[in-house]
Amino acid sequence: MLFQEARGGDKFLLGGKGYGLVEMTSLGLPVPPGFVITTEVCKQYYAEKGKVPKGLFEDIRSKIAALERQTGKRFGGEEKPLLLSVRSGAPFSMPGMMDTILNLGLNDRTVKSLASASKNPRFVYDSYRRLVQMFGKVAMGADGSAFEKILEERRKKAGVTADIGLSPEELQSVAEAFKRVVKAQTGRDFPQDPFVQLEMAVEAVLRSWNNNRAKEYRKFYHIADDLGTAVNIQTMVFGNSGEKSGSGVGFTRNPSTGENKLFGEYLPNAQGEDVVAGVRTPVGMDKVEPGIRKQLEVVATKLESHFKDMQDFEFTVEDGTLYTLQTRNGKRTAQAAVKIAVDMADEGLISPEESVARVEPEMLEALLHRRLDPAATDKPIAKGLDASPGAAAGEVVFDTEEAAKVGAGKRIILVRSETTPEDIKGLIASQGVLTQRGGMTSHAAVVARGMGKPAVVGCSEIEIASDGDYFTTKSGQKIRKGDTITIDGTTGNVYSGEVRMVDPEASKELSVLLKTADGIRKLGVWANADTPEAATRARDFGAEGIGLCRTERMFNAPNRLPIVREMIMSRDEETRRKHLYKLFPFQLSDFRAIFTAMSGKPVVVRLLDLPLHEFLPTSEDLIIELQGMREKHVPASEIEAIEEMLARVRQLSEHNPMLGHRGCRLAVTYPEIYEMQTKAIMQAAVELKKEGKKGALVKIMIPLVADAGEFRFLRGVITAAAEGVLKESGTTVAYQVGTMIETPRAALTAAEIAKLSDFFSFGTNDLTQTTFGFSRDDVEAKFIPRYIQMGILPQSPFDSVDTSGVGKLVKMAVREGREVKQELEVGICGEHGGDPKSIAFFSEAGLNYVSCSAFRVPIARLAAAHAALARKTTAVTT
Ligand code: PEP
Ligand code: MG
């Protein structure tokens, strides 16, 4: 199909390159004449087990005749020989994977007459030797290294470093030597008949669709094997034909910043391949001859107004005449993607909806955190899980107490085998955290994400020495206390030393894009926040409420943890109440601050879900401590206190703490805990109201419910406490009492629970854990990678919600809950609330909102808009 004859722009039929050439021809851009052999031909070639379809070569001959008429040149002619390129071009870009042959049509005769007619015989012979080399290798199967060896010898002999230094005579003799290599290696002569050259070249390109390189590439990028490649046959233009010639790559806008200004690189007196190969350093667009530059500006405008996206195009200048050779949508950084999308909507090139659809939500990640300089070339020393994004560097500290002390004065990275609430002060003082164990929802991961600090967790490639003074990597490298490391929580990589970083680029375009997204999305976006600072940050990022305030995380502060411990250790209600009510003032002031920060917006306070093992010392630690105390002859009373603690720790210890005495089960046993918390919540709301301040919409949530009976009992406790506070205050404050759905049984009995509960919020961390029976704290580093590698799971179900299993429970619970209460508000507050793929699922399941860590709120806003746009498209097409 001649470029000017093809219609309708079908990338699958014409391939990416062919599609671009056909479109550019129809726009009237200076495309060297040519034609496309479609992917259909390639499919037939393989269907017939590698036989060229009947009539193809006859067709090609008639197209060549048309090209000859169009150009006034003759294929194989001595006077004005028509020279052609034959290039592959699949529907999806597969750079460098398939074959290309240039300068077809040159032979011993045409090269002589061209050289004598040309002002530049060097270039003519260079073109010939390139043809013999490429053709010999690609179409005839000669070994490429033999050619390189000859070239190297000739350069040495002539005393030059680049081929450009060789004389026309030398290049002519190189071409002769190359022909001898072809004959010696393949037993056949380099074909002199241009049509034979062309036919063999077309077949070679068709064959190259199934070479090993291309097959591997397709496997990796999930490109279907049966798409086939098109073959583009095009008149050659020469960028290496003298000083008024050259080749370049242009971007219609700056691919790094998004600035609406022609950007590119140009290499004078060179072919396109030389620009890509990077042997010589190209110059910027500003150095291009003004006349050509002006024409390039026109090309850029035409391309953009047609393709309505930033284009990356290749061009060649031959003796002062410009040709465009290829165009495609340009790759760009996150910053550029946002700016280009917003600017194009502003310019009226695309609709606001399209601008939102153009930016992948995950891309925003790079804009919200400090990150490694993409140009840095450092090699990682270990890899763990990418638990909390962004990069941080600092001196290694293994001990939390020490971290808290030295962290004030210098930048440190806390390295622990895993973290517990005891490590909070160390986390606060450090730039980031690296743990040897733990998964994506482990303590370190959740806390670091909440704080917006980079974290690499579950890094089993490091081994922390038992004396805690150094860690060793898989390759045996020792990193000692005080050594500087860099962690990249976006990739999970760990580096020795300090890697260069770049600051996040917040821009006004991002705000515009997110506002547009807000206008499109149906799903609410709330945030998980446990502190007033996190609540304020969440609000600044655009959260419409707090979907999860984990109250146990409020006890992490160093002055509160001992009280919590004493409360847990208490052996009777009276002692427990005494310690519990010491926490009351802390809770009260926190709730006041959080409600104030979120004024007028909903705040879901989840009552205590205390994983006991996280808040207690281990019995091993206590035994070691006791030994030390005995050796130092510490007073008996102090030893007794620790012994007492050890006895209680042993009594409380559980085989499966995540399935143990936690969540609402603890409150069913000790209702005074929820009573105290409810009083603090309601007191905060009452005080704000009395002070004339706008409080939050209070929603109290019960965790880990598995049975409607648990909910009924605890709702009674909560209501009694709340009403008591209200009665005493003589005022009213509206509040709701709802439940988390985070056990399969809660989902299965959603109808019963919905009769009692004001709202549902899916805790998909625990729901995933309990549905799969996978421990959320252990599995990720242990067997999930193997499952993914084997294709048993597409990815970790803790990263992206398992739609067929956990998702089925979610959909069922929503349906059954709403059958009982039509307007039942349903949200999700597990880590999946910030994952775009999961967000699409929750949107489809009919949830009211997703709640995620504050730093993922912008991503969730965009992902929710994408979900709404996708649903709109499906609605139109089905
Ligand atoms: C959950 O289980 O999804 C949840 C949000 O609660 P947590 O992570 O605190 O157990
Ligand atoms: Mg949970």
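On a predicted model such as this, the values are computed, not experimentally measured, just so you know.

Engineer: What am I meant to see in the packing of aromatic side chains here?
Structural biologist: Aromatic ring pairs are defined here through the distance separating the ring centres and the angle between the ring planes. In the structure shown here, the tally under the stated rule is 21 aromatic pairs. Between Phe-774 and Phe-783 the ring centres are 5.0 Å apart and the planes differ by 80°, which places this aromatic pair in the edge-to-face class. The rings of Phe-772, Phe-774, Phe-783 and Tyr-787 are connected pair by pair, giving a single aromatic cluster. The cationic tip of Arg-61 hangs over the ring face of Phe-195; the distance from NZ or CZ to the ring centre is 4.1 Å. Above the ring of Tyr-470, the side-chain terminus of Lys-478 is found at 4.7 Å from the ring centroid.

Engineer: I keep staring at the sheet that holds strand β18 (residues 470-473) and nothing clicks. Help me out?
Structural biologist: Taken in spatial order, the three strands make up an open sheet running β17-β18-β19, and their pairing is antiparallel. The open sheet has two edge strands with one neighbour each: β17 (462-464) and β19 (478-480). Put simply, the sheet's adjacent strands are angled 25° from each other on average, direction ignored. For β18 and β19, the ladder comprises three bridges, and the chain directions are antiparallel. Its bridge partner lying in β19, Tyr-470 is registered against Arg-480.

Engineer: Would you mind showing me how to read the site of ligand 1 here?
Structural biologist: Contacts to ligand 1 come from 13 residues, most closely from Arg-550, Glu-742, Gly-763, Asn-765 and Arg-776. A distance of 3.0 Å separates an oxygen atom of ligand 1 from a polar backbone atom of Thr-764. One of the backbone N or O atoms of Asp-766 is found 2.9 Å from an oxygen atom in ligand 1. Notes on ligand 1: free accessible area 290 Å², of which the protein chains cover 96%. For ligand 1, the cavity whose grid points lie within 2 Å of the majority of its atoms is the largest cavity.

Engineer: Teacher, can you tell me more about helix α23 (residues 619-631) here?
Structural biologist: Along its 13 residues, α23 runs 18 Å from first to last C-alpha, staying within 8% of the 18 Å computed at 1.5 Å per residue. All buried positions along α23 are accounted for by Leu-622, Leu-626 and Met-629. Down the axis of α23, the buried set is contained in an arc of 65°. They therefore lie on one face. Those residues of α23 that are exposed and aimed more than 90 degrees away from the buried face are Glu-620, Ile-624 and Glu-631.

Conventions we followed
- Position numbers for residues count from 1 along each chain, tracking the sequence in the order it is written.
- Labels follow written order: the first chain is A, the first ligand is 1, and so on.
- The predicted nature of this model means local features are confined to residues of pLDDT at least 70 and side-chain atom pairs, given and counted, to a pLDDT of 80 or more, with totals for whole chains, interfaces and linings taken over all residues.
- Only heavy atoms go into the side-chain values, all of them from the structure, while hydrogens and water stay out.
- By convention, a stacked pair of Phe, Tyr or Trp rings (six-membered ring in the case of Trp) has centres within 6.5 Å and planes under 30 degrees apart, an edge-to-face pair has planes over 60 apart, and any other such pair is tilted.
- As a reminder, the over-ring test applies to NZ of lysine and CZ of arginine, requiring each to be within 6 Å of the ring centre and within 35 degrees of the ring normal.
- Two strands pair if DSSP finds at least two bridges between them.
- Helix numbers and strand numbers start at the N terminus; a helix is a DSSP run of H or I with at least 4 residues, a strand a run of E with at least 2.
- Fitted lines through C-alpha atoms give the axes, limited to the stretch in contact for helices. The angle between two N-to-C directions lies from 0 to 180 degrees.
- The near set for a molecule or strand comprises every residue that places at least one heavy atom within 4 Å of it.
- Two N or O atoms form a polar contact when they lie within 3.5 Å of each other; inside protein one atom must be a possible hydrogen donor and the other a possible acceptor, and for residues adjacent in sequence the pair counts only when both atoms belong to side chains.
- The accessible surface values rely on the Shrake-Rupley method and a 1.4 Å probe; as for residues, cover is taken only from the protein chains in view.
- Both site types are read off a 1 Å grid over the protein atoms alone. A 1.4 Å probe that fits but cannot get out defines a cavity, while an open set with protein on both sides within 12 Å along at least five of seven lines defines a pocket; lining residues have an atom within 4 Å of a point.
- By definition, a pocket or cavity contains a molecule when more than half of the molecule's atoms lie within 2 Å of the pocket's grid points.
- Multiplying 1.5 Å by the residue count of a helix minus one yields the expected span of that helix.
- Buried means the residue's accessible area, taken with a 1.4 Å probe over protein chains only, is under 20% of the maximum for its type, while exposed means over 50%, and partly exposed covers the values in between.
- Our arc is simply the arc of the directions from the helix axis toward the C-beta atoms.

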